[in-house]
Amino acid sequence: MKHRKKGRGLGLPTDRRRSLVRNLMRSLILHESITTTEARAKEVQRHVESLVTVARKDTLHSRRMALSTLPDQGAVNVLIHDIAPRYIDRAGGYTRVTRVGLRKGDGASLARLEFIAVAE
């Protein structure tokens, strides 16, 4: 039974999966779009959405919560000062996953994960 089993395993042990997700989150925040497999993109999307929601309040507590999830001071600064203020009036759905085709080597489905542009 799959009770209390939230998220995707991605075929990796826990430590490597956490590291992969953190690195993909960092890349997404710094570059504002990444291309990866569809399963990875959907998993990272879950985490980034909640991180942006936390970062919308620019308080010491929200900064520390963001740092506990993503231990990279530079990425957290970009998130709090550049990305989160764009979505102050938005109730969620800060990112978009778009399928872009198949990977040439193994045929895995690729997807592009990017922040949604907000009309001002």
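First, a word on what this report is: a plain description of the structure on this page. Residue numbers run consecutively from 1 along every chain, following the written order of its sequence. Where local features are concerned, this predicted model is filtered to residues with pLDDT of at least 70; where side-chain atom pairs are given and counted, the filter is 80 or more; whole-chain, interface and lining totals use all residues. Derived side-chain values reflect all non-hydrogen atoms in the structure, with water molecules and hydrogen atoms excluded from consideration.

**What to know about the pattern of salt bridges**
So, point 1. Salt bridges are defined by distance alone: a side-chain nitrogen of Lys or Arg within 4 Å of a carboxyl oxygen of Asp or Glu. This model, assessed by the stated rule, comprises 9 salt bridges.
So, point 2. For glutamate 38, the salt bridge identified is with arginine 99, shortest N-O distance 2.9 Å. In this pair, glutamate 38 sits in helix α2 (residues 38-55) while arginine 99 sits in strand β2 (residues 95-102), placing the two residues 61 residues apart along the sequence.
So, point 3. The salt bridge partner of arginine 46 is glutamate 43, with a shortest N-O separation of 2.8 Å. Here arginine 46 pairs with glutamate 43, and both are found in helix α2, just 3 residues apart, close to one helical turn. Where helices and strands are cited, they refer to DSSP runs of H or I of at least four residues and of E of at least two residues respectively, numbered from the N terminus.

**Some words on the sheet that holds strand β1 (residues 33-37)**
The pairing of strands in a sheet happens through backbone hydrogen bonds and is either parallel or antiparallel.
So, point 1. Paired strands, in this sense, are two strands between which DSSP finds at least two bridges. The sheet built from 3 strands is open, its strands ordered β1-β3-β2 with antiparallel pairing. Where the open sheet ends on each side, the last strands, each with one partner, are β1 and β2. Between one strand and the next, the sheet's axes are offset by a mean angle of 25°, whatever the strand orientation.
So, point 2. Packed on one face of the sheet, helix α1 (residues 14-31) meets β1, β2 and β3 (109-115) and runs near 150° to β1.
So, point 3. Against the sheet, α2 engages β1, β2 and β3, with an angle of about 15° to β3. To define axes, lines are fitted to C-alpha atoms, for helices over the stretch in contact only, and angles between the resulting N-to-C directions are given on a 0 to 180 degree scale. Contacts are assigned to residue pairs that have any heavy atoms within 4.5 Å of one another.

**Comments concerning the side chain of glutamate 38**
So, point 1. Classification of residues uses two cut-offs on accessible area relative to the type maximum, computed with a 1.4 Å probe and protein chains only: under 20% is buried, over 50% is exposed, and between them is partly exposed. Accessibility expressed as a relative area gives 13% for glutamate 38, which makes it buried.
So, point 2. A distance of 2.9 Å separates polar atoms of two side chains, one belonging to glutamate 38 and the other to arginine 99.
So, point 3. Those residues in contact with glutamate 38 that sit more than four places away from it in its chain are Arg99, Ser109, Leu110 and Ala111. Polar contact is the term for a pair of N or O atoms within 3.5 Å; when the atoms are in protein, one must be able to donate a hydrogen and the other to accept it, and sequence-neighboring residues count only if both atoms are side-chain atoms.

**Comments concerning the environment of leucine 113**
So, point 1. As for its placement among the helices and strands, leucine 113 is situated in strand β3.
So, point 2. Judged by relative accessible area, which is 0%, leucine 113 ranks as buried.
So, point 3. Separated by 81 residues in the primary sequence, leucine 113 and glutamate 32 have C-alpha atoms spaced 8.4 Å apart.
So, point 4. Ignoring sequence-local partners within four residues, the contact set of leucine 113 consists of Leu28, Glu32, Ser33, Ile34, Ala41, Val44, Gln45, Thr95, Arg96 and Val97.

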